[in-house]
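# Chains, contacts and geometry: an overview
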Amino acid sequence: MHDLTLAPGTDPTLLYRGRDELYAEDMLIAAVKGFDFFTVLAGLESRVGSIDEIARHFGFQARPVDVMTTQFVARGLLEREGDTLRLTATAREHLVASSPWFLGPYFPKLTDRPIALDLLEVLRTDRPANYASRKNEV
C-alpha cells in the first residue's frame, strides 16, 4: 500500500492543465453560444463591468463569474482596469455578434457540448457539476 500523504516524485501540473483546458473551451462555448456574453458586455460597458455587476446582470453567482472572467483575461479576451472588466479588441472583433468578423457560427451548438451546458448551471447556482456531465458522479 502507498502512503498517499507523501508528495509524488514528479510534478503532475501539466497533466492537470490539459484536463482543465478542456473545460476552458467549454466555458468559452457556453459564453458565446449560451448567453452571448461578449455581445451583451459590449452593449453594457458604460454601465456594467465589475464581477458582481456582471453576475447580477446575467443572474449568475459571483464566484464562478470570477473564475470565468479570469480565464478570459488570461486568454486576452478581457482586460482589467481595477475592478472593471472591458473587452479587448480581439473579443470585440471576433466575439461580438454585430462584428463582421464574428466567429459565433463556428462554435458548436450547446446541445452538442454537455459540459458547456453544465458550466451554465454552475454559473447560475455556484454548485459543482457532475464530472464530465455524468449524471451519477459528482
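Residues numbered from 1 in each chain as written. Predicted model: local features only at pLDDT ≥ 70, side-chain atom pairs only at ≥ 80, totals over all residues. Heavy atoms only, no water.

### A word on the confidence of the model for the protein chain
Here the protein chain shows a mean pLDDT of 89. Residues at 70 or above account for 93%. In the model of the protein chain, helix H1 (residues 13–34) stands out as the element of lowest mean pLDDT, 87, in contrast to helix H5 (residues 89–94), which has the highest, 97. (pLDDT = per-residue confidence, 0-100. Helix = DSSP H or I, 4+ residues; strand = E, 2+ residues; numbered from the N terminus.)

### Thoughts on the pairing of strand S2 (residues 84–87)
Every second residue of S2 is oriented toward a common face, the buried set being Leu85 and Leu87 and the non-buried set Thr84 and Arg86. Pairing of strand S1 (residues 78–81) with S2 involves four bridges; the strand directions are antiparallel. In the sheet register, Glu79 faces S2, and the bridge partner there is Arg86. (Buried < 20%, exposed > 50% of the residue type's maximum accessible area, 1.4 Å probe, protein only. Pairing = 2+ DSSP bridges.)

### Thoughts on unusual backbone geometry
Despite not being glycine, Asp36 has its phi angle at roughly 45°, a positive value. Along the chain, Asp36 turns up in the loop between H1 and helix H2 (37–44). Residue Asp36 is classed as partly exposed on the basis of its relative accessible area of 24%. One non-glycine residue, Asp126, lies in positive phi territory at about 60°.

### Points about the pattern of salt bridges
Overall, the coordinates contain four salt bridges when judged by the stated rule. In this structure, the salt-bridge partner of Arg113 is Asp26, at a minimum N-O distance of 2.9 Å. Of the two residues, Arg113 is situated in the loop between H5 and helix H6 (114–125) and Asp26 in helix H1; the sequence distance between them amounts to 87 residues. Here Glu121 ties to Arg124 by a salt bridge, and the two come within 3.9 Å at their closest N and O atoms. Here the residue Glu121 and the residue Arg124 both occupy positions in helix H6, the gap between them amounting to three residues, near one helical turn. Taking relative accessible area as the criterion, Glu121 reaches 41% and is therefore assigned partly exposed. Residue class for Arg124 comes out partly exposed when judged on its relative accessible area of 42%. (Salt bridge = Lys/Arg side-chain N within 4 Å of Asp/Glu carboxyl O.)

### Re the packing of H1 against H6
Two elements in contact, H1 and H6, have axes separated by 8 Å at closest approach and are oriented at 75°. Between H1 and H6, the angle is such that the two are roughly perpendicular. Facing H1, whose interface residues are Tyr23, Asp26, Met27, Ile29, Ala30 and Gly34, H6 presents Ile115, Ala116, Leu119, Leu120 and Leu123. When the residues that make up the contact of H1 with H6 are grouped by side-chain class, the tally is nine nonpolar, one polar and one charged. (Axes fitted to C-alpha atoms, helices over the stretch in contact; angles between N-to-C directions. Parallel < 35°, antiparallel > 145°, perpendicular 65-115°, else oblique. Contact = heavy atoms within 4.5 Å. Nonpolar A, V, L, I, M, F, W, Y, C, P; charged D, E, K, R; others polar.)

### Structural notes on the nonpolar core
Among the nonpolar cores identified, the biggest contains 33 residues, and Phe35, Phe37, Phe38 and Phe72 are the most heavily contacted of them. For this core, the secondary structure elements donating two or more residues are H1, H2, helix H3 (51–58), helix H4 (62–74), S2 and H6. Sort the elements by how many residues they give to this core and H1 lands first, with six residues. The contact partners of Phe35, leaving out residues within four places of it in the chain, are Ala30, Val40, Phe58, Phe60, Met68, Leu120 and Leu123. (Core = buried A, V, L, I, M, F, W, Y, C linked by side-chain atoms within 4.5 Å.)

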